[in-house]
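Breakdown of the fold
Read off the chains here:
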Amino acid sequence: MIVALVSFIIVAGLPTNIQVCRELVRRVRGWRTEPIRHHRLTAAPGLIFCGILAFILLGVFFWPVKEIANYNYALNVLGAIVALLVLPPLYCWCQAAGEWLASRRRWVRPVFLCVTLVIAFVVQLRVGLAMQVAPGWDASAIEESAFGVADGSMRTIYDFFPLYPNNLMLIVALTRYSQTMLAWGIGPDGLLYSAVVLNCVVLTATVLLVYLCARRILHEGAAVFTLIPAVVFIVFSPYIPVVYSDTLGIIFPVLLLYLHLTALRVTHWYWKVLLWIAIGAVTAVGFNLKPTAAFAGVAILGVYVLQYLLGRTTQRRQKLKVVVVVLVTTMVGFVGMNAAVWADIRSQSYIGFNVAENTRAVPWTHFLAMGATGMGAFTQSDVNATIAISDPAVRFQHGLDLYGQRVVQMGFPGYLQFLDGKAVWTFGDGSFHAWGEGTLLAQKDPFPVRDPLSSDIQSYLWGNGDNYAVTTGIWQSCWLAMLILVAVPLRVRTPRLLTSPAAIMRWSLLALTLFLLFFETRSRYLYLYVPYFILLATLTLDALRPKQGSGHRAGLKPTADTSRGQAVAN
């Protein structure tokens, strides 16, 4: 049935694909003469990211990843080609659906969105019910500590957390959530599933924010289209049962982008100030949950400040005044929220150690050294060597020395080759290394729920499931297609691909890529920014769409960055 549906879409969408190919060839041939919509300083980092991603993709295609998802790369490459043939006609049909929604009464769009989100949430709840299981790695330490403190079976959290205090905010939040669930009558045995429900709430809210951002950046049709990749990667997330910073943190980059787009649209100065404070506060929360989430907040500030200073709409003194106000208000939000988070953490007696005087924390140099061996992933021997050093200064220097020794041993050409292989390993897994952590795969059947429907779900989403290869094949094919679309602006320089929201997303992904190149990495660490990959792929499809399918037909109004200097004027 799926094959027949895909075949129908390809055949029915053949005229659309021909027009898209013609447009792509025309754009590629004329890429040197295409105007860069905003100043080169804001566009350049994003184009550098596209170049790096294109280079990584060459490695992904020629040196396939062999991990938990043992991909059949011939089929996956074919699947990516099929996805690239299916997506343009789907985009045009979604665009028509968006125009229809925009032409209906005002209540139609909210009802459509609510029904869609409710269905997505219910599906995730059912998948989460079937897949609920203690993950067996860091996420399990967090869950067990939070649940134990909440139900009174533990007085303090595990001794794991003085080593990794970056997890403390998540511990406090999950403990408080679990205490609330117990107060509402959920028994201790139901805390794991209640945590999975929290995951589903966050993932569904992320789908909503992706939709709203696409609507702000482009139009209603583009927003409708984002639901398709969102179903593949977010609704059927590989990490629905894993309550950890990767899933709970996925909302922060796209929430920051939405707040920024809203700040550009509002006219009253006090709303702008409040929104910039909110951007700083959300960045602080995201940073304490997953440090790489802060890249989105930094990118928003960097792009906005550069674009504003380099614009021509106001006098220099006025520009400086606005930039100072934006920087100060954002920092007020960040510093204030960060102080509040850590004050709350220190006030919890179950933490079990003095956070301010903790000298056992693993330094960042440890992750730098660990990122220069093997595939740049977790290495137990490195952890053992680091935590065996009691002096924090010696521990810090040990990481630097070990990193230097490993780089010197490889030599400069060897280190570059190592970084290339590391990048391919990180970006080349569309399942985001699901089930690759811990020891769950050594168990034959770790799931407590075994009804027929749950067994079917497990067969498709469990790493040892009979049909898991089908699911990973779909993830991988769609992921490769999406990465290709994200890299297209390297040679297709249309104004719609070089707007400030696009620059913000590419700046964030460039920072993430460079961070993962040099520090500890996993494909899982990319999952936080899946919404940005979805939005950037959507931008590419919109830029290559047939002209008669213009998103501004049927009275659709242009949104942020669809006219020159609009973001600067705001």
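Quick caveat: nothing in here was measured; it's all calculated off a predicted structure.

The next thing to look at is the overall build of the protein chain. In terms of regular secondary structure, the protein chain is built from 22 helices and zero strands. Burial analysis of the protein chain (570 residues in total) assigns 55% to the buried set. Summarising the internal contacts of the protein chain: among those between residues at least 6 apart in sequence, 81% fall at separations of at least 24. Summing over all exposed atoms, the protein chain offers an accessible surface of approximately 24700 Å²; the carbon and sulfur share of this is 66%.

Even without being glycine, His433 reaches a positive phi, approximately 60°. Tracing the chain through its elements places His433 in the loop between helix 17 (392-427) and helix 18 (452-461). In this structure, Trp435 is a non-glycine residue whose phi angle is positive, near 65°. Tracing the backbone through its elements, the reader meets Trp435 in the loop between helix 17 and helix 18.

Turning our attention to the nonpolar core. Grouped together as the largest cluster of nonpolar side chains are 174 residues, with contacts concentrated most on Leu257, Trp435, Tyr529 and Phe533. No other element matches helix 8 (residues 191-217), which puts 15 residues into this core. For Phe533, the contacting residues outside a window of four places in its chain are Phe49, Phe427, Trp479, Met482, Leu483, Val486 and Leu509.

Right, let's talk about the packing of aromatic side chains for a bit. Applying the stated rule across the entire model yields 26 aromatic pairs. Look at Tyr415 and Phe418: their rings are 6.1 Å apart centre to centre, the planes differ by 15°, and that puts the pair in the stacked class. Of this pair, Tyr415 and Phe418 both sit in helix 17, three residues apart, roughly one helical turn. Residue Tyr415 shares its accessibility class with Phe418, and that shared class is buried.

One way to put it is that helix 12 (residues 269-289) packs onto helix 13 (residues 294-310) with a least axis distance of 8 Å and a crossing angle of 150°. Considering their axes alone, helix 12 and helix 13 lie roughly antiparallel with respect to each other. The segment helix 12 lies against helix 13, with Trp276, Thr283 and Phe287 engaging Ala294, Gly297, Ile300, Leu301 and Tyr304. Taken together, the residues that form the contact of helix 12 with helix 13 break down as six nonpolar, two polar and no charged.

Attention now goes to a nonpolar patch on the surface. On the surface, a cluster of nonpolar side chains totalling about 330 Å² of accessible area is made up of Leu41, Leu309, Leu310 and Leu320. Here Leu310 falls in the partly exposed class, since its relative accessible area comes to 34%.

Listed as buried for helix 18 are Ser454, Ile457, Gln458, Ser459 and Leu461. Buried residues in helix 18 make contact with helix 5 (108-131) and helix 19 (468-487). Two to three positions downstream of the cap, the backbone nitrogen of Leu453 sits 3.2 Å from a side-chain oxygen, assigning the N-cap of helix 18 to Asp451.

This brings us to the side chain of Asn167. Tracing the backbone shows Asn167 in the loop between helix 6 (138-151) and helix 7 (168-183). Asn167 has contacts with Ile142, Phe160, Phe161 and Tyr244, leaving out every residue within four places of it along the chain.

Right, let's talk about the pattern of salt bridges for a bit. Per the stated rule, a full pass over the model turns up 10 salt bridges. Each of Asp246, Lys290, Glu437, Arg522 and Arg524 takes part in a single network of salt bridges with overlapping partners.

Once that is clear, we can look at the environment of Leu289. With respect to the helices and strands, the residue Leu289 is situated in helix 12. Note on Leu289: relative accessible area 7%, which makes it buried. Expressed as a C-alpha distance, the spacing of Leu289 and Phe252, which sit 37 residues apart in the sequence, is 9.6 Å. Setting aside anything within four residues of it in sequence, one finds Leu289 in contact with Met169, Leu170, Ser245, Leu248, Gly249 and Phe252.

Right, let's get into the environment of Glu520. If you trace the backbone, Glu520 turns up in the loop between helix 20 (500-518) and helix 21 (530-543). Taking the C-alpha atoms as reference points, Glu520 and His366, 154 residues apart in sequence, are found 8.9 Å from one another.

Applying the stated criterion to the full structure yields zero disulfides. No disulfide involves Cys92; its sulfur sits 9.4 Å from that of Cys94, the nearest cysteine.

The next subject is the packing of helix 17 against helix 20. Put simply, helix 17 and helix 20 touch, their axes get as near as 9 Å, and they point 130° apart. Classified by the interaxial angle, the pair formed by helix 17 and helix 20 is oblique. Of the two possible hands of crossing, helix 17 and helix 20 adopt the one that is right-handed. From helix 17, Tyr403, Tyr415, Leu419, Lys422, Ala423, Thr426 and Phe427 reach across to helix 20, where they touch Thr513, Leu516, Leu517 and Phe518. Among the residues making up the contact of helix 17 with helix 20, the classes are represented as eight nonpolar, two polar and one charged.

Our next topic: the confidence of the model for the protein chain. Caution applies to low-pLDDT regions: their predicted coordinates should not be interpreted in detail. Scored by pLDDT, the protein chain comes out at a mean of 86, with 89% of its residues at no less than 70. When pLDDT is averaged over each element of the protein chain, helix 8 comes out on top at 95 and helix 22 (residues 566-569) at the bottom at 35. The model gives residues 549-570 a pLDDT under 50, and that stretch makes 50 contacts with residues more than four places away or in other chains.

Right, let's talk about the environment of Met169 for a bit. With respect to the element layout, Met169 can be found in helix 7. Expressed as a C-alpha distance, the spacing of Met169 and Leu289, which sit 120 residues apart in the sequence, is 6.3 Å. For Met169, the contacting residues outside a window of four places in its chain are Val285, Asn288, Leu289, Val341 and Ile345.

Our focus in this paragraph is the side chain of Thr226. Its place among the elements puts Thr226 in helix 9 (residues 220-235). Judged by relative accessible area, which is 1%, Thr226 ranks as buried. The contact partners of Thr226, leaving out residues within four places of it in the chain, are Val210, Tyr211, Ala214, Ile534, Leu535 and Thr538.

Thresholds applied
Residues numbered from 1 in each chain as written. Predicted model: local features only at pLDDT ≥ 70, side-chain atom pairs only at ≥ 80, totals over all residues. Heavy atoms only, no water. Helix = DSSP H or I, 4+ residues; strand = E, 2+ residues; numbered from the N terminus. Buried < 20%, exposed > 50% of the residue type's maximum accessible area, 1.4 Å probe, protein only. Contact = heavy atoms within 4.5 Å. Areas by Shrake-Rupley, 256 points an atom, 1.4 Å probe, with all protein chains shown as cover. Core = buried A, V, L, I, M, F, W, Y, C linked by side-chain atoms within 4.5 Å. Phe/Tyr/Trp six-rings, centres within 6.5 Å; stacked < 30°, edge-to-face > 60°. Axes fitted to C-alpha atoms, helices over the stretch in contact; angles between N-to-C directions. Parallel < 35°, antiparallel > 145°, perpendicular 65-115°, else oblique. Nonpolar A, V, L, I, M, F, W, Y, C, P; charged D, E, K, R; others polar. Patch = residues over 30% accessible without salt bridge, like charges linked within 9 Å, V, L, I, M, F, W, Y side chains within 5 Å. Salt bridge = Lys/Arg side-chain N within 4 Å of Asp/Glu carboxyl O. Polar contact = N/O pair within 3.5 Å; in protein donor to acceptor, adjacent residues only side chain to side chain. Disulfide = S-S within 2.5 Å. Left-handed = near helix turned anticlockwise from the far one by under 90°. pLDDT = per-residue confidence, 0-100.

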